[in-house]
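Inside the fold
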Amino acid sequence: MISREQLLSAIQDNITVALAEDVGAQDITASLIPADQHAIARVLTRESMVLAGRPWVDRLFAQLDPQVTLTWLAEEGSRLAANQPFLQLSGSARSLLTGERAALNFLQTLSAVATKVAHYVAIVDGLSTQILDTRKTIPGLRIAQKYAVTVGGGKNHRIGLYDAFLIKENHIAACGGIAQAIATAHQIAPNKPVEVEVENFEELEQALYAGADIVMLDNFSLDDMRRAVEHVAGRCKLEASGNITDQTLRAVAETGVDYVSMGTLTKDVQAIDLSMRFV
């Protein structure tokens, strides 16, 4: 789970990098405009979307020019229709233009994540299965994208390599087996959740016996998922993963697994088409 401190730190880091790479020493094109020229601009979406990224835009303009006023016309997490305005900015024309691309970059990317997640969450509506993200994120935007996942109605898997164990095939091989890996994990960090990826029922049984908190069923068939749910009977949480699409997701969730993790939520996003226009 993302802490408030992590979120605020990530926002500041993202903004600092975005302004440094885009503005550099000076926005030479904006300098064509008189310094005292005032402007009002509106941002709208060209397609349906779930809005995400407001904290990044607020912080960006607060750092770039505190005199710029932002009036949000939609709440974070709200569904917007194509061509719907959702933000009005008022202030120095130079500042609005200088901050435009960096602000829209955050909005188009994070809204894309939230929109995609909301699509998958809607598919499992009425079921108890939760949609989880993965670590397959854009470099430098881990916290931002995982934040957007929650805006879209999904849940965060581990944030990084530090807050939970996820023991996979290579870990198991290097440790000498599932039982050994889990036992060592409990010794190293007894308060951290331990998840094990398994490929068959023999490995599932080993993970159960060794005390795994979560077992990831990697590329199990639907029938095998149902059998696994019945066999485990609540002794640990079960997560399905691997080659799950919007066509197969509902059937996977109906097997009774607790979670479905999907890398596509953050690695295969297509930016939302946004536009800022002076009024």
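Above this note sits the structure.
Heads up: these notes are all about the structure in this document. (Residues numbered from 1 in each chain as written. Predicted model: local features only at pLDDT ≥ 70, side-chain atom pairs only at ≥ 80, totals over all residues. Heavy atoms only, no water.)

A few points about the overall build of the chain
Assigned secondary structure in the chain consists of 10 helices and 12 strands. Seen along its three principal axes, the alpha-carbon backbone of the chain occupies a region of about 70 × 35 × 25 Å. Expressed as a percentage of the 279 residues in the chain, the buried residues total 48%. When contacts within the chain are restricted to residue pairs at least 6 apart in sequence, those whose partners lie at least 24 apart make up 71%. (Helix = DSSP H or I, 4+ residues; strand = E, 2+ residues; numbered from the N terminus. Buried < 20%, exposed > 50% of the residue type's maximum accessible area, 1.4 Å probe, protein only. Contact = heavy atoms within 4.5 Å.)

Regarding the packing of helix H6 (residues 178–188) against helix H7 (residues 201–210)
Running from N to C, H6 and H7 point in directions that differ by 30°, and their axes come no closer than 9 Å. Accordingly, the angle class assigned to the pair H6 and H7 is roughly parallel. Seen from above, H6 lies across H7 with right-handed handedness. Touching Ile 178, Ala 179, Ile 182 and His 186 of H6 are Glu 203, Gln 206, Ala 207 and Ala 210, all from H7. (Axes fitted to C-alpha atoms, helices over the stretch in contact; angles between N-to-C directions. Parallel < 35°, antiparallel > 145°, perpendicular 65-115°, else oblique. Left-handed = near helix turned anticlockwise from the far one by under 90°.)

Digging into the pattern of salt bridges
This model, assessed by the stated rule, comprises 7 salt bridges. The salt bridge involving Arg 226 is made with Asp 223; its shortest N-O contact spans 2.6 Å. Of this pair, Arg 226 and Asp 223 both sit in helix H8 (residues 222–232), 3 residues apart, roughly one helical turn. (Salt bridge = Lys/Arg side-chain N within 4 Å of Asp/Glu carboxyl O.)

Brief notes about the packing of helix H1 (residues 4–22) against helix H2 (residues 54–64)
What describes two packed helices is the angle between their axes and the distance between those same axes. Running from amino to carboxyl end, H1 crosses H2 at an angle of 55°, the nearest separation of the two axes being 10 Å. In terms of their interaxial angle, H1 and H2 are classed as oblique. Between H1 and H2 the crossing geometry is right-handed. Contact with H1, carried on its side by Leu 7, Ala 10, Ile 11, Gln 12, Asn 14, Ile 15, Thr 16 and Leu 19, involves Pro 55, Trp 56, Arg 59, Leu 60 and Gln 63 of H2 and no other residues of that element. Taken together, the residues of the contact of H1 with H2 break down into 8 nonpolar, 4 polar and 1 charged. (Nonpolar A, V, L, I, M, F, W, Y, C, P; charged D, E, K, R; others polar.)

What about the sheet that holds strand S10 (residues 237–241)?
If you walk across this open sheet you meet the 6 strands as S6-S11-S10-S9-S8-S7, and the pairing is parallel. Because the sheet does not close on itself, it has two edges, and the strands there are strand S6 (130–132) and strand S7 (165–167). Along the sheet, successive strands turn relative to each other by an average axial angle of 25°, direction set aside. The pairing of strand S8 (residues 194–198) with strand S9 (residues 214–218) spans 4 bridges and is parallel. Its bridge partner being in S9, Val 196 is matched across the sheet by Val 215. Contacts from H7 reach S8, S9 and S10, with the element oriented near 165° to S8. (Pairing = 2+ DSSP bridges.)

Regarding the environment of Ser 128
You can see Ser 128 is positioned in the loop between helix H3 (93–123) and S6. Sequence spacing of Ser 128 and His 171 is 43 residues, and the spatial spacing of their C-alpha atoms is 30 Å.

Looking at the environment of Lys 168
Within the secondary structure, Lys 168 is located in the loop between S7 and helix H5 (169–175). Sequence separation between Lys 168 and Glu 197 is 29 residues; the distance between their C-alpha atoms is 5.1 Å.

Quick look at the pairing of S8
Here S8 lies mainly inside the structure; 5 of its 5 residues are buried. Here S8 shows two buried faces, one formed by Val 194, Val 196 and Val 198 and the other by Glu 195 and Glu 197. Pairing of S7 with S8, which is carried by 3 bridges, proceeds in the parallel orientation. The partner of Ile 167 across the bridge, within S8, is Val 196.

From the geometry alone we can't say anything about function, so treat these as descriptive.
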